[in-house]
Amino acid sequence: MSATPHTPVPHNLDAPLPMTLPRLAEKQRLGEPIVMVTAYDYPSAQVAEQAGVDVVLVGDSGAMTVLGYPSTVPVSTDEMLVLAAAVRRGLTTPLLVGDLPFGSYEASDEQAVATAQRFIKEAGCDAVKLERGGSSVQRARAIVQAGIPVMGHVGLTPQTATALGGYRAQGRTAERALRVAEDALALQQAGCFSIVFEAIPAAVSRALVERLEVPVIGIGAGPATDGQVLVFHDLLGIYDGHAPRFAKRYADLKAQMIAGVAEYAGEVRRRAFPGPEHTYSIDDEQLAQFLAELD
Ligand code: KIV
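These numbers come from a predicted model, not from an experiment. (Residues numbered from 1 in each chain as written. Predicted model: local features only at pLDDT ≥ 70, side-chain atom pairs only at ≥ 80, totals over all residues. Heavy atoms only, no water.)

A. How the structure looks around the overall build of the protein. From N to C terminus, the protein includes 11 helices and 8 strands. If you line up the protein on its principal axes, its C-alpha atoms span 85 × 50 × 40 Å. Residue burial in the protein is summarised as follows: out of 295 residues, 44% are buried. For the protein, contacts bridging at least 24 residues in sequence account for 56% of all contacts bridging at least 6. With the model as given, the accessible surface of the protein reaches about 16,200 Å², and the carbon-plus-sulfur share is 56%. Side chains of the protein give 24 positive and 34 negative charges; the mean places of these two sets differ by 11 Å. (Helix = DSSP H or I, 4+ residues; strand = E, 2+ residues; numbered from the N terminus. Buried < 20%, exposed > 50% of the residue type's maximum accessible area, 1.4 Å probe, protein only. Contact = heavy atoms within 4.5 Å. Areas by Shrake-Rupley, 256 points an atom, 1.4 Å probe, with all protein chains shown as cover. Lys, Arg positive; Asp, Glu negative; His and termini not counted. Charge placed at Lys NZ, Arg CZ, Asp CG, Glu CD.)

B. Focus on unusual backbone geometry. Cis geometry marks the peptide bond from F273 to P274; its omega dihedral reads 0 degrees. Among the secondary structure elements, P274 is positioned in the loop between α10 (253-269) and α11 (284-294). One non-glycine residue, R132, lies in positive phi territory at about 80 degrees. Tracing the backbone through its elements, the reader meets R132 in the loop between β4 (127-129) and α6 (135-145). Looking at R132, the relative accessible area reads 29%, which means it is partly exposed. You will see that A199, though not glycine, has its phi angle at about 50 degrees, which is positive. Tracing the backbone shows A199 in the loop between β6 (194-198) and α8 (202-211).

C. Fine view of the environment of P43. By the element assignment, P43 lies in helix α2 (residues 42-51). Sequence separation between P43 and L83 is 40 residues, and the spatial gap between their C-alpha atoms is 11 Å.

D. Spatial organisation of the sheet that holds strand β5 (residues 150-155). What the 8 strands build is a closed barrel, ordered β1-β2-β3-β4-β5-β6-β7-β8; its pairing is parallel. Between one strand axis and the next, the sheet turns through 25 degrees on average, direction left out of account. Pairing of β4 with β5 involves 2 bridges; the strand directions are parallel. Paired with K129 across the two strands is M151, which belongs to β5. Lying on the sheet, helix α7 (residues 174-189) is in contact with β5 and β6; it crosses β5 at an angle near 175 degrees. (Pairing = 2+ DSSP bridges. Axes fitted to C-alpha atoms, helices over the stretch in contact; angles between N-to-C directions.)

E. Expanded view of the nonpolar core. V56, I143 and F197 are the most contacted members of the largest nonpolar core, which has 58 residues in total. Considering every element that reaches this core, the biggest residue donor is helix α4 (residues 77-90), with 6 residues. Ignoring any residue separated from it by four or fewer positions in sequence, one finds V56 in contact with V37, A39, A48, V87, L91, P94, L95, L96 and V97. Counting residues in hydrophobic clusters, the runner-up holds 15 residues, among them M19, L24, M36 and I219. (Core = buried A, V, L, I, M, F, W, Y, C linked by side-chain atoms within 4.5 Å.)

F. Fine view of the packing of α4 against helix α5 (residues 109-121). Two elements in contact, α4 and α5, have axes whose closest approach is 10 Å; the angle formed by their N-to-C orientations is 25 degrees. One finds that α4 runs roughly parallel with respect to α5. As for how α4 packs across α5, the hand of that crossing is right-handed. Contacts between α4 and α5 involve T77, D78, M80 and L81 on the former and, on the latter, T115, R118 and F119. (Parallel < 35°, antiparallel > 145°, perpendicular 65-115°, else oblique. Left-handed = near helix turned anticlockwise from the far one by under 90°.)

G. Region of interest: the side chain of E198. Within the fold, E198 resides in strand β6. Buried charged residue E198 carries no salt bridge. Nearest counter-charge: K129, at 6.4 Å. (Salt bridge = Lys/Arg side-chain N within 4 Å of Asp/Glu carboxyl O.)

H. Representation of a positive patch on the surface within the structure. On the surface, R168, R172, R176 and R245 cluster together into a positively charged patch. Along the chain, R245 turns up in the loop between α9 (232-235) and α10. (Patch = residues over 30% accessible without salt bridge, like charges linked within 9 Å, V, L, I, M, F, W, Y side chains within 5 Å.)

This is a description of form; function is not addressed.
Right, dumping it as structure tokens:
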């Protein structure tokens, strides 16, 4: 029986429930680690879905991993929306967070809300993420007040890495650790449902996780955070640009991809591909008629 608009599609009771903000908070309360990964297109979203992760981030790291920019800074909102919409089409269960790119939210609350709304309306994201404390705290508050869930991001914030002295760990002095603490607490106060800690000493993160109520997702922030996030292309060995020390590699897919394409190229050049099993046939009589009429 095919479903019509009037036929309710039966819910598959074995299917995992879609991730929601209350379920995320519940995982934190129960001490169940939250798994987050980035994705930038339909296949990577399907991989995240089938691997059973909790949260998928369409990170502006996609500027480097899939669009080939030298940093996250140049990527535009329109480019991010194309990536996010493709990820949406591949996802059912995880919470989908879209990363607001550099220059798309800093200027005013109005700009921040308008950009966040595009991620929700045009790409189907569930939430957005923005970087830094400081003026970003007020932008986060404005977006939350507009009804859109916001994830914060403190520590190493790649969009402003130059101002931080480069891609380096943050909070390694008491003074700088206090600044990270201030930013995280202010983002929580502004209504962020979760905060990413990037490249922060494990002991600093542990102290802050104990003092924060919202789930903290770490990347290079040690084991005490409520969850972990890795960049898809780093964890699978697809991107071979600079890999930070926290980017553990679980596979070496780029090498396998090169080997596969090289083998294909070799077979084409040796005329070993395509073989009979990859080829369509035509009835002899039809072929004879075709050739006669062709002449
Ligand atoms: O853009 C990104 O991938 C990120 C994660 C590293 C958190 O912001």
